[in-house]
Amino acid sequence: MDKIYYLASCDSCRKIIKTLPQGNNLVFRDIKQDSITEEELEEMYQLSGSYEALFSKKAQLYKSMDLKNKHLTEADYKKFILEHYTFLSRPVFIIDNKVFVGGTQQNMLQVMKALGDV
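Computed from a predicted model, the values in this text were never measured in an experiment. (Residues numbered from 1 in each chain as written. Predicted model: local features only at pLDDT ≥ 70, side-chain atom pairs only at ≥ 80, totals over all residues. Heavy atoms only, no water.)

1. So, unusual backbone geometry
Each neighbour pair has its own omega, and for R90 with P91 the value is -15°, a cis peptide bond. Despite not being glycine, D66 shows a phi value in the positive range, around 55°. The residue D66 is located in the loop between α3 (60-64) and α4 (74-83) in this model. With phi around 50°, D96 is a residue other than glycine that occupies positive phi space. (Helix = DSSP H or I, 4+ residues; strand = E, 2+ residues; numbered from the N terminus.)

Here it is as structure tokens:
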């Protein structure tokens, strides 16, 4: 099942969602309203190979907790993502057992290709 994990209050996520092709079969998950489970995070980890790759270093909490000056382990990244939705880099797409993390232009081209729109 293809999914998108996003934040409804995130402007970037809203813009990206508007560009998605009509008729896609994505299951939409607003991570603020419906927190990701440890099992879902584990699936993302298996596909990405790293919790750090799923972690948002742009989050306000990252800055306010001064995490950039701490040595974080994979276990730390996992713990923070599970503790607060803002630490998950957004959006996260899982399409055909491939993970696409973040809204970069390159990433979105790959997402559109995976959705069959390119």
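2. Notes on the sheet that holds strand β3 (residues 92-95)
Pairing is mixed in the open sheet, where four strands are placed in the order β2-β1-β3-β4. Strand pairing shows two members of the sheet lacking a second neighbour, β2 (27-30) and β4 (98-101), which therefore form its edges. On average, each strand axis in the sheet is inclined to that of its neighbour by 15°, with strand direction left out of account. Where β3 meets β4, four bridges bridge the pair, whose relative direction is antiparallel. Following the sheet pairing, V92 is matched in β4 by V101. The sheet contacts of helix α5 (residues 105-114) involve β3 and β4, and relative to β4 the element is tilted by about 145°. (Pairing = 2+ DSSP bridges. Axes fitted to C-alpha atoms, helices over the stretch in contact; angles between N-to-C directions. Contact = heavy atoms within 4.5 Å.)

Geometric values such as these leave the question of function open.
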